[in-house]
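Each chain is listed here by its residues.
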Amino acid sequence: MARPKSPLLSREQILRAALAQIDATGSLGLPKLARDLNVGTSSLYHHFKGGREEVVESIRGLLSSEGMPCEREPGESWQDFTRRWAGAYRTAFAAHPAAVPLMTAQTVSHPATLASYEVLAEVLHEAGFGDDELLHAVTVLDCFILGSALDAGAPVEVWAARGDGESRLARAIAAARAQPGDRAERAFRLGLESLLSGLSALLERDCAERVFG
């Protein structure tokens, strides 16, 4: 029997099926993934020799390459780039919130993801963050964005309103319900602007300390 002209299984097919499994179950098991694809588990290891860990990291790369920017636009301020980077990052990962805990459990190593982080690091360095602060700034942004991606997959009613409609939290819940648009998106924008203001304040403080000692 002649061999098929094209491979029966591709890396992207495996990753899409793995994402579907994670979206549905919140976990990833290679034996189940192989059954879903109607292949043997060994076929998965043929494409991903690192097994489950490599599949998870490749999912990170897939989402990164589809969403996270890898270059700065001409004349773009560091704040505007960070807004664009954070928004694209959140959008990509909020589409698959169940995958976030799996990805945060292992080291970021996919080239596409690292390339996007490298651009952010360069932008923040040019803005004034030194090596001693840069990784902390990136980490703060990363933690906030991933948390917001998880929030995007949270129930519509995150907090149960108590019977007492006059409590401060109950009134805040009612006010949020009355606002147009998505609650999680509004919270993301508020948090991001707060972070950018805080990072700007740190840069101004550091600049003043360098000038005035």
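Let us look at the structure shown here. Everything numeric in this text was worked out from a predicted model, so none of it was measured.

By the definition in use, this model includes 1 cavity of 30 Å³ or more. Considered as a void within the structure, the largest cavity measures approximately 30 Å³ in volume. Around the largest cavity, the lining residues are Arg60, Tyr89, Phe93, Val100, Met103, Thr104 and Leu146. Among the secondary structure elements, those contributing two or more residues to the lining of the largest cavity are α5 (78-94) and α6 (100-104). Partitioning the lining of the largest cavity into residue classes produces 5 nonpolar, 1 polar and 1 charged.

For Asn38, which is not glycine, the phi dihedral falls at a positive 60 degrees. Relative to the assigned elements, Asn38 resides in the loop between α2 (30-37) and α3 (41-47). Judged by relative accessible area, Asn38 falls into the exposed class, the value being 70%.

Below, the discussion takes up the environment of Ala121. Locating Ala121 in the fold gives a position in helix α7 (residues 111-127). A C-alpha to C-alpha distance of 7.0 Å links Ala121 and Leu134, two positions 13 residues apart in sequence.

In total, this model carries 6 aromatic pairs according to the counting rule given. Arranged with centres 4.9 Å apart and planes meeting at 70 degrees, the rings of Tyr89 and Phe93 form a pair that is edge-to-face. Of the two residues, Tyr89 and Phe93 are both situated in helix α5; the distance of 4 residues between them amounts to about one turn of the helix. Across this residue pair, the class does not change: Tyr89 and Phe93 are buried. Considering the side-chain rings of Phe144 and Phe188, the 5.6 Å spacing of their centres and the 5 degrees angle between planes classify their relative orientation as stacked. Residue Phe144 is found in helix α8 (residues 131-152), and its partner Phe188 is found in helix α10 (residues 183-212); the two are separated by 44 residues along the sequence.

Residue placement: Glu76 occurs in the loop between α4 (51-67) and α5. For Glu76, a relative accessible area of 12% puts it in the buried group. A polar atom in the side chain of Glu76 sits 3.0 Å from the backbone nitrogen of Glu73.

In this section: the environment of Thr113. With respect to the secondary-structure elements, Thr113 resides in helix α7. Owing to a relative accessible area of 1%, Thr113 belongs among the buried residues under this scheme. Note: C-alpha distance between Thr113 and Leu63 (50 residues apart in sequence) is 8.6 Å. Not counting residues within four places of it along the chain, the set of residues in contact with Thr113 comprises Arg60, Gly61, Ser64 and Val108.

Below, the discussion takes up α7. With 17 residues, α7 should reach 24 Å at 1.5 Å per residue; the first-to-last C-alpha distance of 24 Å fits that figure. Considered for burial, the residues of α7 that qualify are Thr113, Ser116, Tyr117, Val119, Leu120, Ala121, Val123 and Leu124. Gly128 sits one or two positions beyond α7 and adopts a positive phi of about 130 degrees.

A few words now on the environment of Leu195. Relative to the helices and strands, Leu195 resides in helix α10. Distance in space between the C-alpha atoms of Leu195 and Ala20 is 33 Å, their sequence separation being 175 residues. Residues within four places of Leu195 in sequence aside, it is in contact with Val140, Leu141 and Phe144.

Calculation criteria
Residues numbered from 1 in each chain as written. Predicted model: local features only at pLDDT ≥ 70, side-chain atom pairs only at ≥ 80, totals over all residues. Heavy atoms only, no water. 1 Å grid on protein atoms, 1.4 Å probe; cavity = no way out; pocket = protein on both sides within 12 Å on 5 of 7 lines; lining within 4 Å. Points joined across faces, edges and corners; volume = space filled by probe spheres on them. Helix = DSSP H or I, 4+ residues; strand = E, 2+ residues; numbered from the N terminus. Nonpolar A, V, L, I, M, F, W, Y, C, P; charged D, E, K, R; others polar. Buried < 20%, exposed > 50% of the residue type's maximum accessible area, 1.4 Å probe, protein only. Phe/Tyr/Trp six-rings, centres within 6.5 Å; stacked < 30°, edge-to-face > 60°. Polar contact = N/O pair within 3.5 Å; in protein donor to acceptor, adjacent residues only side chain to side chain. Contact = heavy atoms within 4.5 Å. Expected span 1.5 Å × (residues − 1).

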